[in-house]
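In case you want the letters, here they are:
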Amino acid sequence: MAITDESGRGEVIAAIEEHERALVRLYSRTRVSPLLETALTMQQLKALLHLSAEGPVVSHRLADSLGITPASVTGLVDRLVERGLVHRAEDPQDRRTRLVELTADGLTTVDRLLTAGAEHRRDLLSRLDIEALHAVATAFAALHRAAEQALSEDTAG
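Residues numbered from 1 in each chain as written. Predicted model: local features only at pLDDT ≥ 70, side-chain atom pairs only at ≥ 80, totals over all residues. Heavy atoms only, no water.

Here we look at the overall build of the protein
Of regular secondary structure, the protein possesses eight helices and three strands. When the helices and strands of the protein are listed from N to C terminus, the series reads α-α-α-β-α-α-β-β-α-α-α. For the protein, the spread of C-alpha atoms along the principal axes amounts to about 60 × 40 × 25 Å. Surface exposure of the protein reaches about 11,500 Å², of which carbon and sulfur atoms provide 56%. Across the protein, the mean location of the 18 positive side-chain charges is 6 Å away from that of the 24 negative side-chain charges. (Helix = DSSP H or I, 4+ residues; strand = E, 2+ residues; numbered from the N terminus. Areas by Shrake-Rupley, 256 points an atom, 1.4 Å probe, with all protein chains shown as cover. Lys, Arg positive; Asp, Glu negative; His and termini not counted. Charge placed at Lys NZ, Arg CZ, Asp CG, Glu CD.)

Description of the pairing of strand β2 (residues 86-91)
In this sheet, strand β3 (residues 94-102) lies alongside β2 in antiparallel orientation, the contact comprising six bridges. Across the sheet, His 87 pairs through a bridge with Glu 101, a residue of β3. Once β2 ends, the chain turns through two residues before running back antiparallel as β3. (Pairing = 2+ DSSP bridges.)

Brief notes about the nonpolar core
Formed by 20 residues in total, the largest nonpolar core has its most connected members in Leu 48, Leu 62, Val 73, Leu 76, Leu 80 and Val 86. Looking at this core, the elements that each hand over two or more residues are α3 (42-54), α4 (59-66), α5 (70-82), β3 and α6 (104-114). If we skip the residues at most four places from it in the chain, Val 86 touches Leu 48, Leu 51, Val 77, Leu 80, Val 81, Val 100, Glu 101, Leu 102 and Thr 103. (Core = buried A, V, L, I, M, F, W, Y, C linked by side-chain atoms within 4.5 Å. Buried < 20%, exposed > 50% of the residue type's maximum accessible area, 1.4 Å probe, protein only. Contact = heavy atoms within 4.5 Å.)

What to know about the side chain of Thr 103
Structurally, Thr 103 is set in the loop between β3 and α6. Assessed through its relative accessible area of 16%, Thr 103 is described here as buried. Non-local contacts of Thr 103, meaning those with residues more than four positions away in its chain, are made with Gly 84, Leu 85, Val 86 and His 87.

Focus on α3
Under the 1.5 Å per step criterion, the end-to-end length of α3 is 18 Å for 13 residues, consistent within 8% with the ideal 18 Å. Among the residues of α3, those classed as buried are Gln 44, Leu 45, Ala 47, Leu 48, His 50 and Leu 51. One or two steps after α3, the chain reaches Gly 55, where phi turns positive at roughly 85 degrees. (Expected span 1.5 Å × (residues − 1).)

Thoughts on the pattern of salt bridges
Enumeration according to the criterion identifies seven salt bridges in this entry. When the shortest N-O distance is used, the salt bridge between Arg 21 and Glu 18 registers 2.9 Å. Placement of both Arg 21 and Glu 18 in helix α1 (residues 9-30) is noted, with a separation of three residues, approximately one turn of the helix. The partly exposed category is assigned to Arg 21, whose relative accessible area is 43%. What makes Glu 18 partly exposed here is its relative accessible area of 35%. (Salt bridge = Lys/Arg side-chain N within 4 Å of Asp/Glu carboxyl O.)

Digging into the side chain of Thr 109
Structurally, Thr 109 can be placed in helix α6. A residue is classified by how much of its surface remains accessible, and Thr 109, at 17% relative accessible area, is buried. The residues touching Thr 109, leaving out its near neighbours within four places in the chain, are Leu 40, Leu 48 and Leu 85.

Right, here's the structure in full:
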């Protein structure tokens, strides 16, 4: 599908999306995902990913980021503390508040989730010729730039 003008943009995006869905289906058949093996809830996973990206945060900011009440975040954090994935620490800026941060086990859990499939991806990439590898690298660099631009626009507005 060699479309060179803007009129075919939607068709190209649809083709990319279909290839992505097919890859996800193939990935799910070839390996067990740590995400599927975890006993963590979706809210717990979101909290861990947020803490991994942002570092230590005050509980009420974590609640805002997750779109839940401060009372709900207290219970959520309690359960993550019980699992040894996060801990609370005194905020050096304000001794009345507590920071929530990942423990070493929490960091390991997030890393395991984020890097799941990396070996499989490397194997697939090693099967490509150098020209295809350059095309994939160029495409991912463009996606990275677009994601940074979108984030910048989201945070500015």
